[in-house]
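Fold and contact review
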Amino acid sequence: VRKELMAEAAAREKVLSMEEEDLACPDEDGASALSVSGVYFICPLTGAVVRKDQKEKHLREAILSYFSVDPVAASIMEIHTFNKDREKVRAGVETTAKYLDNIYLHPEEEKYRKIKLQNKVFQERISCLEGIHRFFQAIGFETKTLPVPGQEATEEYYVLKEEMLTRLEDLRDYKEQLLNSEPVRAQLDRQLSVFKPSPEAARFELPNDFYSLTAEEIKREQRLRTEAVEKASMLRTRAMREKEEQREMRKYNYTLLRVRFPDGYILQGTFYARELVSALYTFVREALQDDWLPFELLGPGGLKLTDENLAFNECGLVPAALLTLAWDAAVMADVQAAGEEQPASPLKPELLSRVQTLS
C-alpha cells in the first residue's frame, strides 16, 4: 500500500511541478508562446472585449457612464451588480418596493411620501446598498431637512417631489424594474481560433488567468501532499479520495479546449471549467457550414463525451484538452451516396479566412 501511495504521490508531484513551472515562467519568449494570451470577457453595455483583471473596472465605468443615458436603469444596474451579498440585495430591494407600493396605493397620504433616513429599517436594509441613494434620486426623491414635531430638532428625509404624483405609473414601473433586474454579467469571450493541422495540437502553454491557484499556492499544495504521503501508513478512505478530487476540480476556473476535425484543422475556444459539455457541442456546431450534420466528440484516449450534462472539470478536461470530432458514419455514407458535393472543409469560410498556424 505504501508503495502505491508513494508512486501515486510521485506522479501527482510531477504534474504539480510542471504546473508550477508553467505558472512561474511559461516560456522564454513570454506571452507570444502562450496558447492564448489570457482570459477575456465581453462587456454587455459597451461591447468591448476586456481582460479578466480589467473586467470589474470596465463594468463599473460602463454602468456609471450609463447614468447620462438612463439614470434609473443605471442605478438599478449598480445596485444589483456591485452589491455581492445577494441576500442583502433581496432584502433591500423588497423593502424599497414596499415604500414605493405605499406611495402608489395611497398617493393622498403625505406620510408615505416621506422616508426618514435615520429610520432603523432604512439604515439596516436599504442605506447600506451601493447605488440605492442614486436610485431614490433618479426616481424623483429629494433630500430635505424637516423639523421633528413637538421638538426643536430636525431630521433628514427623502421626500417625493410633487410632480411625481402625476407619474405614479412610472413609479410602479421603476419598482418592477428594481425587483426583476439581475446583475450585469460580462460574457466569457470564447476567443475562437482556427489552426492548420499541426503536430503541436496537444501542446498547451497557459497563462496564469486559467488557474484559481497562484504559483505560490501550487507550491504549498505540492509541499502539503509530499508531507501527507510521508506520513501515510494506511490506504486512504473513499472520503479522503473524494475530498482530494474536489480540490483538484477547484484548481482551475477556465479551460482551453481544442477540437481536431477529420481533415486536421483545429477549432479552439475558452470555457469555464464548470461549464457543461453541451456548451462545447454548441460551440462546434455554430462553426460548421452544415450545422445539421451529427457528430461525436472524443476526449483524450478516445473516450466518447456522450453525457452533455457533465461539466468539463468532471470529465478531466481542465485546464486544457485536445478532443477529436467524428462524424456519424451512417449519415456521412448517405451524404456520399447522394453524390452531393462536399465543401473542402466543414468549417465556415469566414473562420477559415483567418486560419492561424500553431507555434
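First, a word on scope: everything that follows refers to the structure included in this document. Since the structure is predicted, the reported quantities are computational estimates derived from the model, not experimental observations.

Each value, and the rule that gives it
Every chain is numbered independently, its residues counted from 1 as its sequence is written. Selection of residues for local features in this predicted model requires a pLDDT of at least 70, selection of side-chain atom pairs for listing and counting requires 80 or more, and totals for whole chains, interfaces and linings are taken over all residues. The basis for every side-chain value is the complete set of non-hydrogen atoms in the structure, without hydrogens or water. The way it works is that DSSP assigns letters per residue, a run of H or I at least four long becomes a helix, a run of E at least two long becomes a strand, and they are numbered from the N terminus. Throughout, exposure labels follow a simple rule: accessible area from a 1.4 Å probe, protein chains only, divided by the maximum for the residue type, with under 20% read as buried, over 50% as exposed, and the rest as partly exposed. Under the rule applied, a polar contact is a pair of N or O atoms within 3.5 Å (in protein, one hydrogen donor and one hydrogen acceptor; residues adjacent in sequence only if both atoms are side-chain atoms). Take the buried residues of types Ala, Val, Leu, Ile, Met, Phe, Trp, Tyr and Cys, join any two whose side-chain atoms come within 4.5 Å, and each joined set is a nonpolar core. Domain delimitation in this document rests on an assignment produced automatically or drawn from a domain database. Note on definitions: a residue-residue contact is assigned when non-hydrogen atoms from the two residues lie within 4.5 Å. For two strands to be treated as a pair, DSSP must find at least two bridges joining them.

For Gln289, the position within the fold is in the loop between helix H10 (277-286) and strand S10 (295-298). The class of Gln289 is partly exposed, set by a relative accessible area of 36%. Of the polar contacts made by the side chain of Gln289, one reaches the backbone oxygen of Ser345; its length is 2.8 Å. Polar side-chain contacts of Gln289 include one of 3.0 Å to the backbone oxygen of Leu347.

Bringing the nonpolar core into the picture now. Among the nonpolar cores identified, the biggest contains 50 residues, and Phe261, Leu280 and Val284 are the most heavily contacted of them. Listing elements by their share of this core, those giving two or more residues are helix H2 (55-65), helix H3 (71-82), strand S8 (254-260), strand S9 (266-272), H10, S10, strand S11 (320-327) and helix H11 (329-337). Here this core gathers at least three residues from each of two domains, domain 1 (41-180) and domain 2 (193-210 + 252-353). Beyond its immediate chain neighbours, meaning those up to four positions away, Leu280 contacts Leu257, Val259, Phe271, Leu297, Phe312 and Leu323. Formed by 25 residues, the second largest nonpolar core is a distinct cluster that contains Ile76, Val93, Tyr99 and Phe135.

Before going further, it helps to spend a moment on the sheet that holds strand S1 (residues 40-42). If you trace the three strands from one edge of the open sheet to the other, you get S2-S1-S6, paired in antiparallel fashion. Looking at the sheet topology across the chains shown, the edges are occupied by strand S2 (49-51) and strand S6 (187-188). One ladder, built from two bridges, connects S1 with S6; its direction is antiparallel. Note that in S6 the partner of Phe41 across the bridge is Leu188.

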